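Structural overview for review
The lines below spell out each chain.
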Amino acid sequence: MQRFWTGFLAAVVLLGPAWRAAAGDASDWPMFHGGPGLDGVAKTEIGPRLTPQWSFKTAGEIKSSPAVVAGLVFVGSNDKSVYALEAGTGRKAWSFATGGPVASSPLVLDGRVYAGSEDGCLYAWQAKDGKLLWKYKTEDKIVGGPNFFRAKGDTFILAGSYDYKLHCVRAAGGQSNWVYETANYINGSPAVWSGGAVFGGCDEVLHVVDLETGRQVKQVEAGAYVAASVAVSGDHAYFGHYQCELVCVDLQAGKRVWSYKDRELPFFSTPAVNAEVVVIGGQDKRVHCVDKADGKARWTFPTRGKVDSSPVIAGNRVVAASADGRVYILDLRDGREITSQLLGRPIESSPAVTGGKVFIGCDDGSVYCLASASEGPKAPAR
């Protein structure tokens, strides 16, 4: 065990440049929930009003959450395709048809795009033109977004599958590096913490896996299905589960620190975590904000539909979306609604928040760009 923690410290050094390569500058949102820790904290401010700037229509519902890098928006659709759109206009740069619906959120890294499909494959494309570089086959569908880490001069992609396994694949050629098996479906994205991958699943366990070897480091009883992703901040993991709790786990100690429960309805949202608070959507149709230190409630905000979309913290505001078809901007301090924008159909996609804009998918099959009020609307791109 001492050898493992020594490895963790070495991995912290390795992950420093890895984070920068993924996160880029403030104009980028390169993966689900913003970065490898999946903490959902944006590096931008959001204005007091939002105005639709453009929309792009696909032929299927959009469950995938967009990534935004170098002026392009990457997103999957239930029409079985992955799209790259111009961030400024919404015009299509390229698309690629897979063999199944794409609920997976893309990862954009080093000029490449990675995403899973319900055809059971993890794909890699060139970001600039959509050229297929490789695909890696698992034994069941992939719905969570991939993550990554770097070790010994190499880059590796992590993806969970409904084949009960977390797969570690070489970014360069798509070869398997290791496979870690659980007891049930892996629905969310794995978070990367120091030298470990952290994720939950339908086996009701929080897993910590050594990135270098793929071996189990810790298992912590979650208490119920963990259908969404785990957010990591510092040495703590935060996640909601199907027995209606939001849980904080100390990853070093391998034990619960606190849990929050309000109503008898599940959490299917990944929390956003900053230095002081944890914000999560609930199937009770509300957005919840609790104290990061002890899990005590700070505020709740009621919507008109379940909140499976994962909120984002942007400065002193929260961006959240609901099955009522609205994107909300809330005051982080007290949960007061600042503004909202009606898109019409339920929203399960989670927002990408960058450059003062919100990019999000909707069950109507469209990707939307919502700009701050200082930027006038443009004609929709179809």
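In this text the structure is predicted, and so the values were computed from the model without any measurement.

**Some details on the overall build of the protein chain**
- Helix and strand counts for the protein chain stand at one helix and 33 strands.
- Along the three orthogonal principal directions, the C-alpha set of the protein chain runs to about 55 × 50 × 35 Å.
- Taken across its 382 residues, the protein chain has 64% of its residues classed as buried.
- Taking contacts inside the protein chain between residues at least 6 apart in sequence as the whole, the part at least 24 apart equals 48%.
- With the model as given, the accessible surface of the protein chain reaches about 13800 Å², and the carbon-plus-sulfur share is 48%.
- For the protein chain, the centre of its 40 positive side-chain charges and the centre of its 39 negative side-chain charges are spaced 4 Å apart.

**Concerning unusual backbone geometry**
- The residue H33 is not glycine, and still its phi comes out positive at about 60°.
- Positive phi outside glycine occurs at A70, with the angle close to 55°.
- Secondary-structure assignment places A70 in the loop between β3 (67–69) and β4 (72–76).
- Take A70: its relative accessible area is 68%, and that puts it in the exposed class.

Procedures and definitions
The residue numbers shown here count from 1 along each chain, following its written sequence. Note on the predicted model: pLDDT of at least 70 is required for a residue's local features to be given, and 80 or more for side-chain atom pairs to be given and counted; whole-chain, interface and lining totals, by contrast, use all residues. Water and hydrogen atoms were dropped before computing side-chain values, which therefore reflect all heavy atoms in the structure. Under the DSSP-based scheme used, a helix requires at least four consecutive residues in state H or I and a strand at least two consecutive residues in state E, with every element numbered from the N terminus. Classification of residues uses two cut-offs on accessible area relative to the type maximum, computed with a 1.4 Å probe and protein chains only: under 20% is buried, over 50% is exposed, and between them is partly exposed. In what follows, a contact means two residues having at least one pair of non-hydrogen atoms within 4.5 Å. Calculation of accessible area relied on Shrake-Rupley with a 1.4 Å probe; when residues are assessed, cover is drawn exclusively from the protein chains displayed. Counting rule applied: Lys, Arg positive; Asp, Glu negative; His and chain ends not counted. Charge positions are represented by NZ for Lys, CZ for Arg, CG for Asp and CD for Glu.

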